[in-house]
Amino acid sequence: MISFEALLTHLLNGLAYGLLLFLLAAGLSLIFGMMDVINLSHGSFFMIGGFIGIGLVGVLESFWLALLATVLIVALLGLVVEVALLRPLYYRSHLDQILLTFGLALILEDGAEWIWGTRIQSLRVPEALTGSVEIFGAVVPVYRLAVLAAGVLLGAALWYVLERTRLGSIIRAGVADREMTAALGFNIPVIFAGVFVFGVALAAFAGFMAAPILGVYPGLDFQVLILALIIVVIGGLGSLTGAFWVSLLIGVTQSFGQAYFPAAAAFILYLIMAAVLLLRPEGLFKRRYA
Amino acid sequence: MVEATKPGEKAGRFPVRAGTLAVLGALGALAVYPFFGTTYMIGVLTEIMILAIFALSLGFLMGYPKLISLGHAAFFGGGAYAAGIVAVRLEAANLFLTLVCALVFATLLAVLIGVLSLRNTGIYFLMITLALAQLVYVVAEQWTWLTGGTDGLVGIPYPELFGFFSFDRFSFYYLVLLLAGGAYFLLRLVTRSPFGHVLLGIGSNERRMRAIGYGTRVYKLAAFVLSGAVAGVAGALWAHYNGIVAPVDVNWPLSATALIMVIVGGAGTLVGPMLGAAVVWFLDTGLSSYTERSTMIMGAVFILFVFFARGGIAGIARSLWERFYARTGT
Amino acid sequence: MPALELESVCKRFGALSAIDGVSFAVEPGERVALVGPNGAGKTTLFNLISGELPPDSGTVRLGGRDVTRHTPEKMAREGLGRTFQRNSLFMESTVYENVRLAVQARAGVSFQMLRPITAYSRLGEETERVLELVRLSGRAGVRASELSYGEQRQLELGIALATGPRVLLLDEPTAGMSAQETGEMVAMLKELPGEITLLIVEHDMDVVGALARRILVLNFGRLIADGPLEEVRRNEEVLAAYLGVGEEVRDA
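Predicted model, so just to flag it, every value in this text is computed and none were measured.

The rules we used
The residue count restarts for each chain, going from 1 along the sequence in the order it is written. Labels are handed out in written order, letters beginning with A for the chains and numbers beginning with 1 for the ligands. In keeping with the model being predicted, local features are shown solely for residues with a pLDDT of at least 70 and side-chain atom pairs are shown and tallied solely at 80 or more, while totals for entire chains, interfaces and linings include all residues. With hydrogens and water stripped out, all remaining heavy atoms of the structure feed into the side-chain values. Each helix corresponds to a stretch of at least 4 residues labelled H or I by DSSP, and each strand to a stretch of at least 2 residues labelled E; elements are numbered beginning at the N terminus. Radius of gyration here is computed from C-alpha atoms only, and the compact-globule reference equals 2.2 Å multiplied by the residue count raised to the power 0.38. A 1.4 Å probe rolled over the protein chains alone gives each residue an accessible area, and that area as a share of the maximum for its type sets the label: buried under 20%, exposed over 50%, partly exposed in between. Here, two residues are considered to be in contact whenever any of their heavy atoms come within 4.5 Å of each other. By the counting scheme adopted, Arg and Lys are positive, Glu and Asp are negative, and His together with the chain ends is not counted. Every charge is mapped to an atom, namely NZ of Lys, CZ of Arg, CG of Asp or CD of Glu. Methods summary: accessible areas were calculated by the Shrake-Rupley approach with a probe of 1.4 Å, and residue burial reflects only the protein chains presented. Buried surface area refers to the total accessible area, computed with a probe of radius 1.4 Å, that the two partners give up upon joining, counted for both partners together. Each salt bridge in this description consists of a side-chain nitrogen of Lys or Arg and a carboxyl oxygen of Asp or Glu lying within 4 Å of one another. Pairs of N or O atoms are called polar contacts if they sit within 3.5 Å, as long as, within protein, a hydrogen donor faces a hydrogen acceptor (for residues adjacent in sequence, only side-chain-to-side-chain pairs). Residues belong to one nonpolar core when they are buried, are Ala, Val, Leu, Ile, Met, Phe, Trp, Tyr or Cys, and are joined through side-chain atoms within 4.5 Å. In this document the domain limits rely on a domain assignment from an automatic tool or a database. Paired strands, as defined in this entry, are two strands with at least two bridges between them according to DSSP. Axis angles are defined between N-to-C directions and span 0 to 180 degrees, where every axis is a line fitted to C-alpha atoms and, for a helix, only to the segment in contact. Oblique is the label for any angle not under 35 degrees, not over 145, and not in the 65 to 115 range, which are roughly parallel, roughly antiparallel and roughly perpendicular in turn. A crossing counts as left-handed when the near helix is turned anticlockwise from the far one by less than a right angle, and as right-handed when that turn is clockwise. Each residue is assigned to one class: nonpolar for Ala, Val, Leu, Ile, Met, Phe, Trp, Tyr, Cys and Pro, charged for Asp, Glu, Lys and Arg, and polar for all the others, Gly among them. Planes of paired rings set the category: under 30 degrees apart is stacked, over 60 is edge-to-face and the rest tilted, where pairs are Phe, Tyr or Trp rings (Trp by its six-membered ring) whose centres lie within 6.5 Å. Definition used: whenever NZ (Lys) or CZ (Arg) falls within 6 Å of the ring centre and also within 35 degrees of the ring normal, the charge is taken to sit over that ring.

Colleague: I keep staring at the overall build of chain B and nothing clicks. Help me out?
Modeller: Helix and strand counts for chain B come out as 13 helices and four strands. A compact globule built from 330 residues should have a C-alpha radius of gyration of about 20 Å, and chain B, at 20 Å, falls within 12% of that. In terms of overall dimensions, chain B has a C-alpha envelope of 60 × 50 × 45 Å along the principal axes. Each of the 330 residues in chain B was classed as buried or not, and the buried ones make up 59%. Across chain B, every contact between residues at least 6 apart in sequence was considered, and the portion connecting residues at least 24 apart equals 75%. For chain B, the separation between the mean place of its 20 positive charges and that of its 13 negative charges on side chains is 18 Å.

Encoded structure:
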């Protein structure tokens, strides 16, 4: 018999996982919407965020300082990638972009294996967030709750910036009509670089926060990339609202699936995607930012 | 001179005769190779040729109607499982039986997946083919009594012909060579036919194709099924060659590899993807016996391709040919 | 029986009524111009007729048959041809291949897979005839992307003609052309077989005058005038519709 407490635990775990996936998918979705680039190296920044985080926590001996430094370092890496590799590729075919970002993902994965090895590594949760609390009888690790809070806060901030600020309206306009944004005289290269670096930083943040839960290992990059791609496509390209709800859905189904029907977890995931695309050929949510 | 081009011929396209000669030359070289080569290299070439048929099938789809599928391993692996199941579970390794079963099964699977996925376009098509193919993967992994589950289906022999001839490593090489050449020439014929020109039109401007009266979905489905069938035959050869079929043969990384083979070789041609298969095999499998960091090198080569070899290997060949042509001055 | 007939056709985009109860009929062989200020709904109306957009209500008839909500390909097979305001060509293919693809659309050989297309000589003959009509015979081997803009407009027409339409919708055939190119296009259109029914969206009133005797005026999705050119020009509502938007009617 499955108890109510167990269900609640899995639900909260699933929501935390879903929010982490949302942070990853949001960047992927923005980059696709804004620059029309399918960034297959997006999961690599998630993985790198985890690895660098583990290293920095050891050196800096502070979880929070390490988090900040990790996000900055990976964002810098993202900037280099944008300027050196991606910039010459806007307006080239999707096939070229696929080959480039896939090549980059391979280099990053193999590089990570070279530096950190193939072993699964984990990040120790800071003292303040260790232990568990009881919610309606369900035992929930404090860290999961912290991830939930961080995810909700970042999601809300993202929504606020996109919906309520001038910068946000420029980005939304860019997703809706790239040519028009350029015609209006906005500095497209700077905006593109900014969106890409921001997306990468989100991925690194999510990768760092996920490290204590999922562990970090070469291969994690493609694993989360596929999930993020699925979320972005089911949600509807360029729709952050869509990505948000679908992330939660996927996080929760994965959590329950892995707990109760481990063999069917992947099956359910792909079944959902196939069903959604069959019924709504352009994703669940019409392009909200488009 | 563009005006000098005969009507109906592609202006500025890779010269037809040069391409055909190159293919015939390569086939000839491959045909005499086993008399000089090592057993190991015969095996390597067999493997590459099978993958080349697979890449060819996807290249046909990506180059003409411009359908980018990320689920092609379903047909390759589907064909492999069909052949393997016939050979092992029914204990009938007759070449015609296994090939025909693989062909039929891959065709049916392609009809099913094609009907379900061709309403979607662009990245949505890419992702729904991925989703449907992964469902096939899950079936292959879970239906243990039939497929062998995660361990795979083992003990698939080389095929035989009605009890009087059994293929070995050497003769199987020639079988694969024959089928690779056959698949290439078949698809080449198709691309030059009225049907092939419809596919090219769909890839170029589907909206206009509909406006002049083509029900494009039927043509796309036909191309998808043809491509799936060829991939299924490649899969059957793969099963016989490896002696085992496992879930990795239906999983998405294999679909991604095929996609990369096509891009590296050059989408829009038929020879390109086949050469792409060889290059990617070398970077992926070949290099790994020399260095630990083969994956990194492979990634770097892909990036170099994007910057310095637009249009892939076929693109390089074309620009070399054009340079040569300009110098000899015709 | 009219070649093309619309009855109370409506189309809304959200709150915007793009086409609002449009009705008219065009007789076989008639040449009719459709004019109106920018944003009046002319291209939307074309898309409703050609099946690219389904109307919300109303009926479209082609040669007396109800063809409302037919797909574009079905409309084409029913004998409707159209050109696009922005060229819609097969850019990587030659002029010859562009036209041949359209000829092939009604030749019934499109599922032939195993013989080269050059073996079907009928396709070639018909293609050359159409190239002659749109004066592109000398450019047959040139890639569409390498044509001048005016030539691309000619090819745009050639593709539509090659499907052998009974009714042809032309969406601004002279858009963006020089005066000389416009003159050539008008001459070409005048030479078209008399049995082809033409409905032309056009801004240039000289072109309208040269090609059509009857004129339909669309404004805010409604048909505000339908009649001979001279009569429509004096129509007050038409003048009002054009004031401040474009000077075409009054200048003409």
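The rest of the description comes next.
Colleague: Can you walk me through the overall build of chain A in this structure?
Modeller: Scanning chain A for helices and strands turns up eleven helices and two strands. In terms of overall size, chain A behaves like a compact globule, its C-alpha atoms giving a radius of gyration of 19 Å where 290 residues would be expected to give roughly 19 Å. Dimensions of chain A, computed from the C-alpha atoms along their principal axes, are close to 60 × 50 × 35 Å. Per-residue burial for chain A yields a buried fraction of 59% across its 290 residues. Sequence separation of at least 24 residues holds for 77% of the intrachain contacts in chain A that already meet a minimum separation of 6. For chain A, the accessible surface area stands at approximately 12,000 Å², while carbon and sulfur atoms represent 69% of it. Between the mean site of the 13 positive side-chain charges and the mean site of the 15 negative ones, chain A shows a separation of 10 Å.

Colleague: Is there a simple way to think about the arrangement of the chains in this case?
Modeller: Interchain contacts are distributed over two pairs of chains, and the most extensive set of them lies between chains B and C. Here chain A and chain C are not in contact; the least distance found between their C-alpha atoms is 14 Å.

Colleague: Looking at this structure, how should I read the interface of chain C and chain B?
Modeller: Note: interface size is frequently given as the accessible area lost on complex formation between the parts. Between chain C and chain B, the residue contacts involve 43 residues of the former and 33 residues of the latter. In total, chain C and chain B occlude about 3,200 Å² of area from one another, counting both sides; carbon and sulfur atoms represent 59% of this. For the interface between chain C and chain B, the tally reads three salt bridges. A salt bridge links Arg208(B) to Glu156(C), with the nearest nitrogen and oxygen atoms 2.5 Å apart.

Colleague: Which parts of the structure should I look at to understand the interface of chain A and chain B?
Modeller: Listed per partner, the contact involves 40 residues of chain A and 36 residues of chain B. Both faces combined, the contact of chain A with chain B buries some 3,600 Å², and carbon together with sulfur accounts for 79% of it. On inspection of chain A and its partner chain B, the count reaches two salt bridges. Measuring nitrogen to oxygen at the nearest pair gives 3.7 Å for the salt bridge that ties Glu113(A) to Arg293(B). Inspection of the region where chain A meets chain B yields five residue pairs in polar contact (both at pLDDT 80 or more). Looking at the side of chain A that touches chain B, the elements with two or more residues in it are helix 3 (63-86), helix 4 (94-116), helix 9 (220-235) and helix 11 (265-279) of chain A. For the side of chain A that touches chain B, the element with the highest residue contribution is helix 4 of chain A, accounting for 14 residues.

Colleague: How do you make sense of the nonpolar core when you look at a structure like this?
Modeller: Counting residues in each nonpolar core, the largest one holds 270 residues, and the members touching the most others are Met127(B) and Phe302(B). It is helix 1 (residues 4-35) of chain A that contributes the most residues to this core, 18 residues altogether. Shared between two domains, this core holds at least three residues of each, these being domain 1 (1-79 + 166-252) and domain 2 (87-164) of chain C. Ignoring any residue separated from it by four or fewer positions in sequence, one finds Met127(B) in contact with Leu229(A), Ile230(A), Val233(A), Met273(A) and Leu277(A). One finds Leu4(C), Val60(C), Met75(C) and Val201(C) within the second-largest nonpolar core, a separate group that totals 26 residues.

Colleague: Help me understand the sheet that holds strand 3 (residues 31-35) of chain C in this model?
Modeller: Consider a sheet: its strands pair through backbone hydrogen bonds, and that pairing is either parallel or antiparallel. All names here are of chain C. Here six strands make up an open sheet; going across it, the order is 6-7-8-3-9-10 and the pairing mixed. Looking along the sheet, the strands with just one partner apiece sit at the ends: strand 6 (80-82) and strand 10 (222-228). Taken pair by pair, the neighbouring strands of this sheet meet at an average axis angle of 20°, ignoring direction. Summarising the sheet, strand 3 and strand 9 (residues 214-219) pair through four bridges and their orientation is parallel. Following the sheet pairing, Val 32 is matched in strand 9 by Arg 214. Where helix 1 (residues 42-50) meets the sheet, it contacts strand 3, strand 6, strand 7 (167-171), strand 8 (197-201) and strand 9, and its direction lies at approximately 150° from that of strand 7.

Colleague: Explain the pattern of salt bridges here, please?
Modeller: Where charged atoms from two side chains of opposite charge approach closely, those side chains can pair. All names here are of chain A. Under the counting rule described, the total for this entry stands at 20 salt bridges over all chains. Among the ionic pairs, Arg 87 bridges to Glu 82, the shortest N-O distance being 3.0 Å. Of the residues examined, Glu 82 reaches a relative accessible area of 0% and is grouped as buried.

Colleague: Help me understand the packing of helix 1 of chain A against helix 8 (residues 188-214) of chain A in this model?
Modeller: In a pair of packed helices, the angle between the axes and the distance between the axes together describe the arrangement. Residue and element names in this part refer to chain A. Look at helix 1 against helix 8: their axes get within 9 Å of each other, and the N-to-C directions meet at 165°. Here helix 1 is positioned roughly antiparallel relative to helix 8, judged by the angle of their axes. Helix 8 is crossed by helix 1, and the crossing has left-handed handedness. Classifying every residue of the contact of helix 1 with helix 8 by side-chain character gives 22 nonpolar, two polar and no charged.

Colleague: Got a minute to help me understand the packing of aromatic side chains in this structure?
Modeller: Two numbers describe a pair of aromatic rings. These are the distance of the centres and the angle of the planes. One pass over the structure, following the stated rule, counts 28 aromatic pairs over all chains. Taken together, a centroid distance of 6.4 Å and an interplanar angle of 90° make the contact between Phe45(A) and Phe196(A) edge-to-face. Remark: Phe196(A) occurs in helix 8 and Phe45(A) occurs in helix 2 (residues 42-60); sequence separation between them is 151 residues. According to the relative accessible area criterion, Phe196(A) is buried, its value standing at 0%. Here the basic side chain of Arg82(C) rests over the ring of Phe84(C), its NZ or CZ set 4.2 Å away from the ring centre.

Colleague: Honestly, the side chain of Thr46(B) in this entry has me stumped. Any pointers?
Modeller: Considering the arrangement of structural elements, one finds Thr46(B) in helix 2 (residues 39-63). Not counting the four nearest positions on each side in its chain, Thr46(B) is found in contact with Phe172(B), Tyr173(B), Val176(B) and Tyr241(B).

Any functional reading would require information that these geometric values do not contain.
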